[in-house]
Amino acid sequence: MNHNVKNICCIGAGYVGGPTMTMMASKCPHISFKVVDINQERIESWNDENLLKLPIFEPGLKELVAKTRNKNLFFSTNVKEAIEISDIIFISVNTPTKKRGLGAGKSSDLKWVEACAREVGKFSKGHTIVVEKSTLPVRTAEVIQKILNSEASDAKNEKSFRVLSNPEFLAEGTAINDLENPDRVLIGGEDKSAMRLLSQIYENWVPKEKILLTNIWSSELAKLTSNAFLAQRISSINSISAICEATGADIREVSRAIGKDSRIGSKFLDSGPGFGGSCFKKDILNLVYLAEYFGLKEVAKFWEEVVNINNWHQKRIAKIVVQKLFGTISEKKIIILGFAFKANTNDTRESAAIKICKDLLEEGAELVIHDPKVNPLQIEIDLKVKQFSDIKNESIDYPKNNLGNWKFSKNLNIFDNAHAVLVLTEWEDYKNIKWDHVAKKMKKPAWVFDARSIVNEDLIKKSGMNMWSLGDGSSKNDIRDF
Ligand code: UDX
Ligand code: UDX
């Protein structure tokens, strides 16, 4: 085996592949990295000369790309060439939940992973280490190895493969820090020398004691379990927020109190509009499918409930908005603050805002959506409703469908004649809103609904507006006001 790694490539220039390879390139200047993708537009964005169009927004990423791009980091659509020259190949393509067929709605669709494995099998030369970076169902490595072996046995030139699992634990918005200072790096495999080689790449910047070597199935399962545990914490705290509202307790006080127990810990205890992002739901459903597959019905039911309660929680928020606005929001202007699934990302995948806005549109609301980073075209795709630009212009006759309308605003001069504001993403911009000014512009009685607990309740109340804060039982009495 060639112990001198010179070339590494990653198939998939997405949220995971792009930042991961950029970090590796910056820490391993002696190795050349190629990030390849079948999506030409995406690659062109990564190659944008002035770094203005990078396909993802991630604090610190632009600076790292500027440092490494076209030195030892290259973005390209030439998958074949990248595979041919690489000693190590990361697979970081998307693995969405299957829409039809066996395991539909739960298991991952591995067609992209399989296609990649076939290409690697076909074009690679000599000995190649193939690394699963995408989150995959347990035992996928076996499938990849089988595909590679069958290509190898057909090949006239000598090739061999080793498959490793090296799941990614980065969270969006903090990806660069997560990659630079990981809690741990997990490498699962059977071939010790391949594992050592990959470990050596990470040892360029990660302390050796943080690099965990496991068997391949443990590594795959640890990734799913890690995300399932994190999502479960969010569902747990969100379910308690409903009890807080019913009883007069305050979820922030409850979170603080339980977080002081070192066995529980204080992280990931912020109640919010429900978890989103590309991973949590998909990975839990994967776990559910796995449990069902092995006949573990009770285990499957247990984990499925984490997703069910998340869906219920999102519906609950939309319902509260309707209830508080006298049971109808038809043609009422509602300001939506934040559409990304969390702050510091432009990603909207599985964002709670999608379901909540859809429910509000269903009730006939006129939404004005603001987000500092999300592209309005993406919102159009997510809501499956076209943007209506003349929203709440008193001189316009609104289309008389039963659905509401929405429009996007780049700035925050949007509060005129609004009935309510709903905070869905915890962007810094929203913490500094001058609520006394806003209150003067809104229709009375004006409401602020804060699903992220970032708004200063005293300022809202002082400015004469009504306030509902998620999990704050003291708002309970307001419901009974009408
Ligand atoms: C993906 C997976 O969704 C996730 O399960 C895993 O943990 C990491 O990889 P992400 O990087 O967020 O996450 O996905 P995405 O941003 O959709 O990027 C995947 C890229 O792969 C896309 O740009 C797509 O064009 C590319 N791709 C897909 C290929 O280059 N070749 C293919 O055959 C299929
Ligand atoms: C997650 C995992 O954290 C990461 O390790 C894995 O590799 C990919 O999936 P990500 O989806 O980027 O990362 O974001 P994360 O910060 O985990 O947030 C997920 C969702 O939970 C967001 O919608 C967020 O708003 C929500 N959340 C998080 C809360 O509602 N409260 C919290 O306290 C934390």
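Keep in mind the model is a prediction, meaning the values are calculated, not measured. (Residues numbered from 1 in each chain as written. Chains lettered and ligands numbered in written order. Predicted model: local features only at pLDDT ≥ 70, side-chain atom pairs only at ≥ 80, totals over all residues. Heavy atoms only, no water.)

Observations regarding the environment of Ile85
Part 1 of the argument: Assignment of secondary structure puts Ile85 in helix 4 (residues 79–85).
Part 2 of the argument: Residues Ile85 and Lys6, 79 residues apart in the sequence, show an inter-C-alpha distance of 8.9 Å.
Part 3 of the argument: For Ile85, the residues in contact, after removing those within four places along its chain, are Asn7 and Lys34. (Helix = DSSP H or I, 4+ residues; strand = E, 2+ residues; numbered from the N terminus. Contact = heavy atoms within 4.5 Å.)

Points about the domain arrangement of the protein
Part 1 of the argument: For the protein, the assigned domains read domain 1 (7–214) and domain 2 (308–477).
Part 2 of the argument: Counting from both sides, the interface comprises 8 residues of domain 1 and, opposite them, 8 residues of domain 2.
Part 3 of the argument: In total, domain 1 and domain 2 occlude about 680 Å² of area from one another, counting both sides; carbon and sulfur atoms represent 47% of this.
Part 4 of the argument: Residues Glu172 and Arg349 are paired through a salt bridge, measuring 3.6 Å at the closest nitrogen-oxygen approach.
Part 5 of the argument: The interface formed by domain 1 and domain 2 contains 3 residue pairs in polar contact (both at pLDDT 80 or more).
Part 6 of the argument: Class assignment of the residues belonging to the side of domain 1 that touches domain 2 gives a composition of 6 nonpolar, 1 polar and 1 charged. (Domains from an automatic or database assignment. Buried area = accessible area lost by both parts, 1.4 Å probe. Salt bridge = Lys/Arg side-chain N within 4 Å of Asp/Glu carboxyl O. Polar contact = N/O pair within 3.5 Å; in protein donor to acceptor, adjacent residues only side chain to side chain. Nonpolar A, V, L, I, M, F, W, Y, C, P; charged D, E, K, R; others polar.)

Comments concerning the site of ligand 2
Part 1 of the argument: Around ligand 2, the structure places 19 residues, and the nearest of them are Phe169, Glu172, Asp270, Phe341 and Lys342.
Part 2 of the argument: Burial of ligand 2 by the protein amounts to 91% of the accessible area it has alone, namely 660 Å².
Part 3 of the argument: With 4 residues, helix 9 (residues 216–247) is the single largest residue contributor to the shell around ligand 2.
Part 4 of the argument: By residue class, the composition of the shell around ligand 2 is 11 nonpolar, 2 polar and 6 charged.
Part 5 of the argument: Taken together, domain 1 (7–214) and domain 2 (308–477) each give at least three residues to the shell around ligand 2, which thus spans both. (Near = heavy atom within 4 Å. Areas by Shrake-Rupley, 256 points an atom, 1.4 Å probe, with all protein chains shown as cover.)

Re the site of ligand 1
Part 1 of the argument: Taken together, 17 residues lie around ligand 1, and Val16, Asp37, Arg42, Thr135 and Lys282 are the ones closest in.
Part 2 of the argument: Interatomic distance of 2.6 Å between a side-chain N/O atom of Asp37 and an oxygen atom of ligand 1.
Part 3 of the argument: Between ligand 1 and Arg42, the relevant distance is 2.6 Å, taken from an oxygen atom to a side-chain nitrogen or oxygen of the residue.
Part 4 of the argument: Alone, ligand 1 offers 700 Å² of accessible surface; in the complex the protein occludes 92% of this.
Part 5 of the argument: A breakdown of the residues in the shell around ligand 1 according to their chemical character gives 5 nonpolar, 8 polar and 4 charged.

A word on the sheet that holds strand 9 (residues 333–337)
Part 1 of the argument: Judged by pairing direction, the sheet is parallel, and its 6 strands sit side by side in the order 11-10-9-12-13-14 without closing on themselves. Taken across any chain shown, the strands that pair with only one partner, and hence form the sheet edges, are strand 11 (405–409) and strand 14 (466–469). Shown here is a sheet whose adjacent strand axes are inclined to one another by a mean of 20°, direction ignored.
Part 2 of the argument: In this fold helix 12 (residues 297–324) packs onto strand 9, strand 12 (420–423), strand 13 (447–450) and strand 14, with an angle of close to 165° to the strand it touches most, strand 13.
Part 3 of the argument: Relative to strand 10 (residues 366–370), helix 13 (residues 352–362) is tilted by about 155°, and along the sheet it contacts strand 9, strand 10, strand 11 and strand 12. (Pairing = 2+ DSSP bridges. Axes fitted to C-alpha atoms, helices over the stretch in contact; angles between N-to-C directions.)

Structural notes on the side chain of Ser26
Part 1 of the argument: Inspection of the secondary structure assignment puts Ser26 in helix 1 (residues 17–27).
Part 2 of the argument: In this structure the side chain of Ser26 is engaged in a polar contact, spanning 2.9 Å, whose partner is the backbone oxygen of Met23.
Part 3 of the argument: Beyond its immediate chain neighbours, meaning those up to four positions away, Ser26 contacts Leu64, Lys67 and Thr68.

What about the packing of aromatic side chains?
Part 1 of the argument: Applying the stated criterion to the full structure yields 10 aromatic pairs.
Part 2 of the argument: Judged by centre distance (5.9 Å) and plane angle (35°), the ring pair of Phe229 and Trp303 falls under tilted. In this pair, Phe229 sits in helix 9 while Trp303 sits in helix 12, placing the two residues 74 residues apart along the sequence.
Part 3 of the argument: Trp303 sits in the buried class, given a relative accessible area of 10%.
Part 4 of the argument: One aromatic cluster in this structure is built from Phe229, Phe302 and Trp303.
Part 5 of the argument: The ring of Phe169 carries Arg184 above its face, with NZ or CZ at 3.5 Å from the centroid. (Phe/Tyr/Trp six-rings, centres within 6.5 Å; stacked < 30°, edge-to-face > 60°. Buried < 20%, exposed > 50% of the residue type's maximum accessible area, 1.4 Å probe, protein only. Lys NZ or Arg CZ within 6 Å of the ring centre and 35° of its normal.)

Here's the deal with the pattern of salt bridges
Part 1 of the argument: The tally for this structure, following the rule as stated, stands at 19 salt bridges.
Part 2 of the argument: A salt bridge links Arg162 to Asp191, with the nearest nitrogen and oxygen atoms 2.6 Å apart. With Arg162 in strand 6 (residues 159–165) and Asp191 in the loop between strand 7 (185–188) and helix 8 (192–202), this pair connects stretches of sequence that are 29 residues apart.
Part 3 of the argument: Here Asp191 falls in the buried class, since its relative accessible area comes to 18%.
Part 4 of the argument: The partner of Glu457 in a salt bridge is Lys461, and the shortest N-O contact between them spans 3.4 Å. Here the residue Glu457 and the residue Lys461 both occupy positions in helix 16 (residues 457–462), the gap between them amounting to 4 residues, near one helical turn.
Part 5 of the argument: Judged by relative accessible area, which is 15%, Glu457 ranks as buried.

A short note on a nonpolar patch on the surface
Part 1 of the argument: Residues Tyr293, Phe294, Leu296 and Val299 make up a contiguous nonpolar surface patch of about 440 Å² in total accessible area.
Part 2 of the argument: Tracing the backbone through its elements, the reader meets Leu296 in the loop between helix 11 (280–293) and helix 12.
Part 3 of the argument: Leu296 sits in the partly exposed class, given a relative accessible area of 42%. (Patch = residues over 30% accessible without salt bridge, like charges linked within 9 Å, V, L, I, M, F, W, Y side chains within 5 Å.)

Here's the deal with unusual backbone geometry
Part 1 of the argument: For the bond from Lys444 to Pro445, the omega torsion is -5°, close enough to zero to count as cis.
Part 2 of the argument: Summarising the element assignment, Pro445 is placed in the loop between helix 15 (435–441) and strand 13.
Part 3 of the argument: Despite not being glycine, Asn70 has its phi angle at roughly 65°, a positive value.
Part 4 of the argument: Structurally, Asn70 is set in the loop between helix 3 (61–68) and strand 3 (73–76).
Part 5 of the argument: Owing to a relative accessible area of 53%, Asn70 belongs among the exposed residues under this scheme.
Part 6 of the argument: Phi angles above zero are rare outside glycine, and Asn417 is one such case at about 60°.
Part 7 of the argument: With respect to the element layout, Asn417 can be found in the loop between strand 11 and strand 12.

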